Amino acid sequence: MEAKIKIDRDFIISEIDKRIYGSFIEHLGRAVYGGIYDPTHSTADENGFRKDVIDLVNQLNVPIIRYPGGNFVSSYKWEDGIGPKEKRPKRLDLAWKTIEDNSFGLHEFMEWSKKVNAEVNMAVNLGTRGIQEACDILEYCNHKEGTYLSDLRKQNGAKDPFGIKTWCLGNEMDGPWQIGHKTSYEYGRLARETARAMKAIDPNLEFVVCGSSNSSMPTFVSWEAEVLDITYDEANYLSLHHYFDNLDNDLSDYLAKSIMMDKFIDSVISIADYVKAKKRSSKTMMLSFDEWNVWFHSKSQDNEINEKTPWSKAPRLLEDIYTFEDALLVGSLIMSLLRHSDRVKIACLAQLVNVIAPIFTEPNGKAWAQTIFYPSMQASNNGRGIALRTEVKSPKYDSKNFNDVPYLDSMVIYNEEKKEIVVFAVNRSDTEVIDAEIELGGFKANKIIEFSTMTGFDIKAVNSSEDDSVKPCECTYIGIYENVLVKFPPLSWNMIRISVDKN
Ligand code: AHR
């Protein structure tokens with residue numbers, strides 16, 4: 001089948017905020033304990049951080065990491081995780097029914113984030129706690145010295161303030177499962193007053209207020225409208241969360257689910273702009289898609305663990321093992337974020353290690369890259385610069401839940417510094433090669449620097465510690481004539497880097 005990708009140098013969506021390639025570490029399952037932190041592992045450094053995991057995170061090039069939750073944050077006492085480890089209390093974690101021994105806390109995370117060159121996006125507990133505790137952690141982290149909490153930080157080994165700029169005001173407060181669940185009015189008021197008090201301590205902060213936990217929540221739309229109505233002046237970002245599944249085991253429908261993400265973001269933009277218009281405000285609300293991924297493989301296992309072994313430390317929760325088809329969807333989800341990069345400024349692949357994650361570890365064993373690692377890594381390393389409006393002319397199909405799904409999904413980025421055009425593309429057809437012509441308006445294509453494709457695997461193929469062969473390989477291309485001509489194999493994730501000059 002034939003398709004065309006068309007861009008023009010002047011048709012710009014936005015400069016991409018690199019934080020769109022962020023991720024998330026929650027005190028959940030083996031994300032922290034046995035994931036990033038395992039003092040007993042052979043690669044552990046002097047802090048107990050697994051160096052093999054650090055290497056993989058560095059390959060992903062993650063600019064910002066949300067911490068410490070997630071549902072976990074809504075009953076977390078941050079003070080439990082500071083000071084001498086032997087004095088730190090063991091607590092019940094109400095969100096995941098586990099034991100938190102607090103041997104890893106704030107200082108450890110700040111230290112670890114330096115090793116992976118990531119900024120920290122810190123969440124505060126607005127479930128069981130409120131304004132005072134949010135101000136306390138901020139004072140501890142960001143105030144230079146001379147107060148009880150800032151001096152305590154220094155005493156605990158951090159002479160310089162952490163300087164954390166981005167703060168999430170709670171997590172999924174619309175969800176009845178959330179400890180301290182609130183109505184939109186209750187949450188909006190608390191978020192606003194917390195932001196105001198925190199700004200009194202540090203005026204340079206940025207705040208993410210909670211949107212809906214997903215677009216199927218019964219309060220979706222009215223929640224966003226009311227929360228923004230109350231917090232519009234204080235908030236910088238409204239959050240979106242969404243996880244995707246293939247529980248129906250329907251490949252063509254599954255691969256079309258990035259359209260749900262497009263629609264979800266479009267709806268949230270409409271709600272935010274409605275509030276903007278209502279308030280006659282000149283400020284445009286930006287979005288933080290701070291939890292997104294595929295999540296369904298581990299759900300039945302999780303129920304069993306919770307029933308049979310509640311209150312254990314770091315059980316194997318949410319350990320999805322990702323397939324090749326998941327990697328294709330993740331590629332399309334990344335393109336959805338890029339298509340909305342004028343409004344989505346932060347996004348966090350949830351999560352980073354072991355828990356619904358691109359990186360997986362075994363205790364006393366290896367760390368390896370799951371299938372979804374590769375589109376994330378290629379996009380984060382190469383999808384930086386300017387997102388261009390990408391017109392795709394492609395044959396379409398209908399699936400169970402979607403009509404007119406283009407077989408070819410694509411997004412094009414221009415990196416001015418490197419003089420490079422980067423084309424990301426997914427071929428959703430399971431039988432047909434797509435012969436694509438790429439028309440680069442305003443550019444002269446010089447040569448193909450790289451054409452990498454992830455294809456040819458069984459759709460259910462997974463990576464493991466023994467065999468991690470589900471990954472991209474170098475692909476041959478047809479050539480550059482007037483336009484760039486390429487073939488996208490059936491069921492493939494592709495990245496093409498083209499060196500260009502301006503025309
Ligand atoms: O990422 C796993 C969980 O999903 C998070 O704790 C929560 O915020 C969401 O429901």
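Residues numbered from 1 in each chain as written. Predicted model: local features only at pLDDT ≥ 70, side-chain atom pairs only at ≥ 80, totals over all residues. Heavy atoms only, no water.

**Comments concerning the state of the cysteines**
By definition, a disulfide links two cysteine residues through a covalent bond between their sulfur atoms. As enumerated under the stated definition, the model contains 0 disulfides in all. Looking at cysteine 210, it has no disulfide partner, and the nearest cysteine sulfur is the one in cysteine 168, 7.5 Å off. (Disulfide = S-S within 2.5 Å.)

**So, the sheet that holds strand β23 (residues 473–474)**
Read from one edge of the open sheet, 7 strands run β2-β15-β19-β20-β26-β22-β23, paired in antiparallel fashion. The strands lining the two open edges of the sheet, one partner per strand, are β2 (12–15) and β23. Pairing analysis gives 8 bridges linking strand β20 (residues 420–427) to strand β26 (residues 492–502), with the strands arranged antiparallel. Paired with valine 423 across the strands is isoleucine 496, a residue of β26. Docked against the sheet, helix α10 (residues 324–339) engages β2, β15 (386–388), β19 (408–415), β20, β22 (443–455) and β26, running at close to 50° with respect to β19. With respect to the sheet, helix α11 (residues 373–382) is in contact with β20, β22 and β26, its orientation differing from that of β26 by roughly 15°. (Pairing = 2+ DSSP bridges. Helix = DSSP H or I, 4+ residues; strand = E, 2+ residues; numbered from the N terminus. Contact = heavy atoms within 4.5 Å. Axes fitted to C-alpha atoms, helices over the stretch in contact; angles between N-to-C directions.)

**Overview of the packing of helix α5 (residues 184–201) against helix α6 (residues 222–231)**
Here α5 crosses α6 at 30°, and the two axes come no closer than 8 Å. The pairing of α5 with α6 is recorded here as roughly parallel in orientation. Pair α5 / α6 crosses with right-handed handedness. Of the residues in α6, those in contact with Ser184, Tyr185, Tyr187, Gly188, Arg189, Ala191 and Arg192 of α5 are Ser222, Trp223, Glu226, Val227, Ile230 and Thr231. In terms of residue class, the contact of α5 with α6 is built from 6 nonpolar, 4 polar and 3 charged. (Parallel < 35°, antiparallel > 145°, perpendicular 65-115°, else oblique. Left-handed = near helix turned anticlockwise from the far one by under 90°. Nonpolar A, V, L, I, M, F, W, Y, C, P; charged D, E, K, R; others polar.)

**A few points about the sheet that holds strand β4 (residues 64–67)**
On the basis of which strands lie adjacent, the closed barrel formed by 8 strands has the order β3-β4-β7-β8-β9-β10-β11-β12 and parallel pairing. Here the strands of the sheet are splayed against their neighbours by 30° on average, with no regard to which way each runs. Direction of pairing for strand β3 (residues 22–24) relative to β4: parallel, over a ladder of 2 bridges. Within β4, the position partnered with phenylalanine 24 by the bridge is arginine 66. Sheet contacts for helix α3 (residues 131–142): β7 (119–124) and β8 (166–169); angle to β8, the most-contacted strand, approximately 165°. Contacts from α10 reach β10 (237–244), β11 (286–294) and β12 (344–350), with the element oriented near 175° to β11.

**Focus on the side chain of aspartate 326**
As for its position among the elements, aspartate 326 is in helix α10. No salt bridge is formed by the buried aspartate 326; the nearest opposite charge belongs to lysine 460, separated by 6.9 Å. Residues contacting aspartate 326, with those up to four places away along its chain left out, are Tyr254, Val294, Phe296, His297, Ile321 and Ile372. (Buried < 20%, exposed > 50% of the residue type's maximum accessible area, 1.4 Å probe, protein only. Lys, Arg positive; Asp, Glu negative; His and termini not counted. Salt bridge = Lys/Arg side-chain N within 4 Å of Asp/Glu carboxyl O.)

**As for the site of the ligand**
Around the ligand, the structure places 13 residues, and the nearest of them are Glu26, Asn71, Glu172, Tyr243 and Glu291. One nitrogen or oxygen atom from the main chain of asparagine 71 is found 2.9 Å from an oxygen atom belonging to the ligand. At 2.8 Å, a side-chain N or O of tyrosine 243 approaches an oxygen atom of the ligand. Here the ligand, which alone exposes 280 Å², has 95% of that area covered by the protein. Looking at the shell around the ligand residue by residue, the classes come out as 6 nonpolar, 4 polar and 3 charged. (Near = heavy atom within 4 Å. Polar contact = N/O pair within 3.5 Å; in protein donor to acceptor, adjacent residues only side chain to side chain. Areas by Shrake-Rupley, 256 points an atom, 1.4 Å probe, with all protein chains shown as cover.)

**Section: the environment of alanine 31**
Its place among the elements puts alanine 31 in the loop between β3 and α1 (51–60). Alanine 31 sits in the buried class, given a relative accessible area of 0%. It is 20 Å that separates the C-alpha atoms of alanine 31 and phenylalanine 289, two residues lying 258 residues apart in sequence. Residues within four places of alanine 31 in sequence aside, it is in contact with Ile25, Glu26, Ile36, Gln351, Val353, Asn354 and Val355.

**A short note on a nonpolar patch on the surface**
On the surface, a cluster of nonpolar side chains totalling about 280 Å² of accessible area is made up of Leu92, Leu94 and Trp311. You can see leucine 92 is positioned in strand β5 (residues 91–93). (Patch = residues over 30% accessible without salt bridge, like charges linked within 9 Å, V, L, I, M, F, W, Y side chains within 5 Å.)

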